[in-house]
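Commentary on secondary and tertiary structure
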Amino acid sequence: MSSLLQIDWLGTVRYGEALDQQKSLVEDRKAGRSGDRLLLLEHPPVVTLGRSTRPENIRTPLDELQARGIDVHEVARGGDVTYHGRGQLVGYLVADLEARGAADVTAWLRGIEAGLIEALAGLGVASRRIEGMTGVYVDDPESDVPRKIASIGVGLRGWVSYHGFALNATMDLAEFADIVPCGLQGVEMTSVAKELGLASDALLFDRCRSAVEAAFASRFG
Amino acid sequence: MSVAVVLPELGESVTEGTIAKWLVKEGDRVEIDQPLVEVTTDKVDAEIPAPESGIVSQILAAEGETVPVGTAIAQIDPSGSAATAGSARPSAAPQQAPASADGPRATPAAVHAASDAGVDLGGVAGSGPSGRIMKSDVASAAAAPAASAAPAPSIPAAPVVASAPPASGSTHGFDEERARRLFSGYTLQEGDQVKPMSPLRKIVADHMVYSKRTAPHVGTVAEIDMGGIVAVRNQHKKAFKQDHGYSLTFLPFIVHAAVRALREFPQLNASVIEDAIVEKRVIHVGIAVETEKGLVVPVVRHADRLSLAGLAAAVEDLSARARNKKISADDLKGGTFTISNPGRNGNLYGFAIINQPQVGILRMGELVKRPVVRSAGGEDAIVIRPMMHLALSYDHRAVDGAPANGFLFRVRELLEEAEFDL
């Protein structure tokens, strides 16, 4: 069966390198040299600053972060500060929305959320979206505030989208302490390992990866 | 005559955008499709391309300005004769794929799937954007041939809780055909119960298979006279319960002895990492606990720094939290050795699977009174003693028989000496 979405696992890739790769895939997609792609990967620790990053959302001075071996990138994107690190499954989707029959970026964001919710369900984690707060969330039975398990943000060049999502699979959530993720004060991050009460190891990360692959292949393939 | 560059319709409920950065300035010459400006909306960053080639004659919205969709943000003077005079079409959202007159709109994958499955697309309701027929719609239609094709909810508008994987395309839902394939040759009999594994069960299964495949397990068993421990425990258990509110079990004694033996046999407190054996300085002991939802192994950190009472408190805390589902990911991190206490009831001994990436696991058997031979004053006699088997599984890649047995018999010695301070 032909597939509309080629899915590749790239392993660990530095942020800047992955961004360059996306940009060249966007050009390929626009020129019709390539179809839609999903790149799955992990980033070494990196803090990325969007255009609307407010200084109060960075809790640790940037030079101190760099001294600790964390990359810092200013990125031409909207939104606030984010963090990526080991154990976080990053998915970059390069897709021509118009060719998919939906020149609608809102529908695209909702579709990515739905794909992640389906993947999480396959892992035994019940999750949901929240109106007005793009991302995927898990209800905390002991609090009114849901915890965030995946962050989403996309870029558009014409109708070709890039960037995508970051799913906290097995990452050490303490690493988020240096920033206020996405500028969402008071929203706590969670991970698949934390929700399932399982050890954060490579086997669980692989399970997360295959769940995401299956969900995105069935939804977008 | 000039062409307007308008802020395009980017998506439903996206009503405005903020000009983040102009990539061109007034007077610049631009080619068709060249990126002109970056616009941000919530979670989306859009680069708007030039609708025509020409000269940017006017920029109408400044960086930082938020403008409604449809607003003209720049003007381009088309150059020469190539210009399409007077056309002012939206830039980034040009041609919506037109709904074809001769049939329903469907994705190529849906068309392909429909032809494979012999489904008439005319009878399929599309759940995709603008009613487009998706592959999943075809799958649902094919699965329910008699019923009128129900639209599969692919993009629900309201917050949804996904508590169960959806049926279509799911790898977890049971269907007989798939089961036949998996059970390779086994034909389901009347009355057979097929229980698909829960996601959690599958993750546990991954670990078991991985460990068995990675580490050649060797087992060795010691029989331990727990008489001394039983005496110490009997002496203290009433006061202990009064002081602490929970019972003093045998487990902390075993942990205490194992930790002391691990210090003497660091080969057992190790990991195989690529081509090296890493002996750990810290001793963090995992305690396997059965819970409602499965086996978890919370970790007593720095178990070698704790007294017997400290270990009892840590074990009690972890097992209470495991039962109440209060175990956090941090509690499961960093174990260097594991002790499993599968409970009593006929469990003489058994070999546990090593908790990777550790190299040893100690499994407790049932404590039972047993006749054993003891020598006193040159005479052998059969006496009744409380006995327990301890079974060690070790990774023969990293550990040989001598240190493994040395460790186990040191544990036995410590338990039989029963010198514990409470």
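Heads up: these notes are all about the structure in this document. (Residues numbered from 1 in each chain as written. Chains lettered and ligands numbered in written order. Predicted model: local features only at pLDDT ≥ 70, side-chain atom pairs only at ≥ 80, totals over all residues. Heavy atoms only, no water.)

Residue and element names in this part refer to chain A. Taken in spatial order, the 3 strands of this open sheet run β4-β3-β5, and their pairing is mixed. Of all the strands in the sheet, just β4 (71-74) and β5 (82-84) have a single pairing partner and so form its edges. Strand-to-strand twist across the sheet, computed as the mean angle between neighbouring axes with direction ignored, equals 20 degrees. (Pairing = 2+ DSSP bridges. Helix = DSSP H or I, 4+ residues; strand = E, 2+ residues; numbered from the N terminus. Axes fitted to C-alpha atoms, helices over the stretch in contact; angles between N-to-C directions.)

Below, the discussion takes up empty space enclosed by the protein. Counting across every chain of the model gives 1 cavity of 30 Å³ or more. Counted as a void, the largest cavity has a volume near 40 Å³. Taken together, Leu 196, Gly 197 and Leu 198 of chain A together with Leu 200, Val 204, Thr 291, Lys 293, Gly 294, Leu 295 and Val 296 of chain B make up the full set of residues lining the largest cavity. Top element by residues in the lining of the largest cavity is strand β13 (residues 294-296) of chain B. It accounts for 3 residues. Each residue belonging to the lining of the largest cavity can be placed in one class, and the counts come to 6 nonpolar, 3 polar and 1 charged. (1 Å grid on protein atoms, 1.4 Å probe; cavity = no way out; pocket = protein on both sides within 12 Å on 5 of 7 lines; lining within 4 Å. Points joined across faces, edges and corners; volume = space filled by probe spheres on them. Nonpolar A, V, L, I, M, F, W, Y, C, P; charged D, E, K, R; others polar.)

A separate point is the packing of helix α5 (residues 202-220) of chain A against helix α4 (residues 199-214) of chain B. The description of two helices packed together rests on the angle between their axes and the distance between the axes. Relative orientation of the contacting elements α5 of chain A and α4 of chain B amounts to 130 degrees, with a least axis distance of 10 Å. The angle between α5 of chain A and α4 of chain B places the two elements in the oblique class. For the crossing formed where α5 of chain A meets α4 of chain B, the hand is right-handed. In this structure, α5 of chain A contributes Leu 203, Leu 204 and Arg 207 of chain A to the contact, and α4 of chain B contributes Lys 202, Ile 203, Asp 206, His 207 and Tyr 210 of chain B. Of the residues assigned to the contact of α5 of chain A with α4 of chain B, the class counts are 4 nonpolar, 1 polar and 3 charged. (Parallel < 35°, antiparallel > 145°, perpendicular 65-115°, else oblique. Left-handed = near helix turned anticlockwise from the far one by under 90°. Contact = heavy atoms within 4.5 Å.)

Attention shifts here to a nonpolar patch on the surface. A cluster of nonpolar side chains, namely Leu 348, Tyr 349 and Phe 351 of chain B, defines an oily patch on the protein surface of about 290 Å² accessible area. Inspection of the secondary structure assignment puts Tyr 349 of chain B in the loop between β15 (337-340) and β16 (360-364). (Patch = residues over 30% accessible without salt bridge, like charges linked within 9 Å, V, L, I, M, F, W, Y side chains within 5 Å. Areas by Shrake-Rupley, 256 points an atom, 1.4 Å probe, with all protein chains shown as cover. Salt bridge = Lys/Arg side-chain N within 4 Å of Asp/Glu carboxyl O.)

Our focus in this paragraph is α4 of chain B. For α4 of chain B, which comprises 16 residues, the first-to-last C-alpha distance of 22 Å matches the rise-based estimate of 22 Å (1.5 Å per residue) to within 8%. Tucked inside the fold, the buried residues of α4 of chain B contact α3 (105-122), α4 (192-196) and α5 of chain A together with β9 (217-225) of chain B. You can read the cap of α4 of chain B off the contacts: a side-chain oxygen lies 3.0 Å from the backbone nitrogen of Arg 201 of chain B, and it is on Ser 198 of chain B. (Expected span 1.5 Å × (residues − 1). Polar contact = N/O pair within 3.5 Å; in protein donor to acceptor, adjacent residues only side chain to side chain.)

A few words now on the pattern of salt bridges. Opposite charge on two side chains allows them to pair when their charged atoms are near. Taken as a whole and assessed by the stated rule, the structure comprises 31 salt bridges over all chains. Taking the shortest distance from any N to any O, the salt bridge between Arg 129 of chain A and Glu 113 of chain A comes out at 2.7 Å. In this pair, Arg 129 of chain A is assigned in strand β7 (residues 128-130) and Glu 113 of chain A in helix α3, connecting sequence segments 16 residues apart. Overall, the relative accessible area of 3% leaves Arg 129 of chain A in the buried class. The exposure class of Glu 113 of chain A is buried, given its relative accessible area of 1%. With a closest N to O distance of 2.8 Å, Arg 385 of chain B and Asp 225 of chain B form a salt bridge. Of this pair, Arg 385 of chain B sits in strand β18 (residues 379-395) while Asp 225 of chain B sits in strand β9, and the two are 160 residues apart along the sequence. Of the residues examined, Arg 385 of chain B reaches a relative accessible area of 28% and is grouped as partly exposed. It is possible to trace a salt-bridge network through shared partners that takes in Glu 27 and Arg 157 of chain A together with Glu 47 of chain B. (Buried < 20%, exposed > 50% of the residue type's maximum accessible area, 1.4 Å probe, protein only.)

What follows covers the nonpolar core. One finds Ile 112, Leu 116, Ile 149, Phe 165, Val 212 and Phe 216 of chain A together with Leu 36 of chain B to be the most contacted residues of the largest nonpolar core, which totals 64 residues. By size, the runner-up hydrophobic cluster in this structure holds 57 residues, among which are Phe 240, Phe 250, Ala 257 and Ala 258 of chain B. (Core = buried A, V, L, I, M, F, W, Y, C linked by side-chain atoms within 4.5 Å.)

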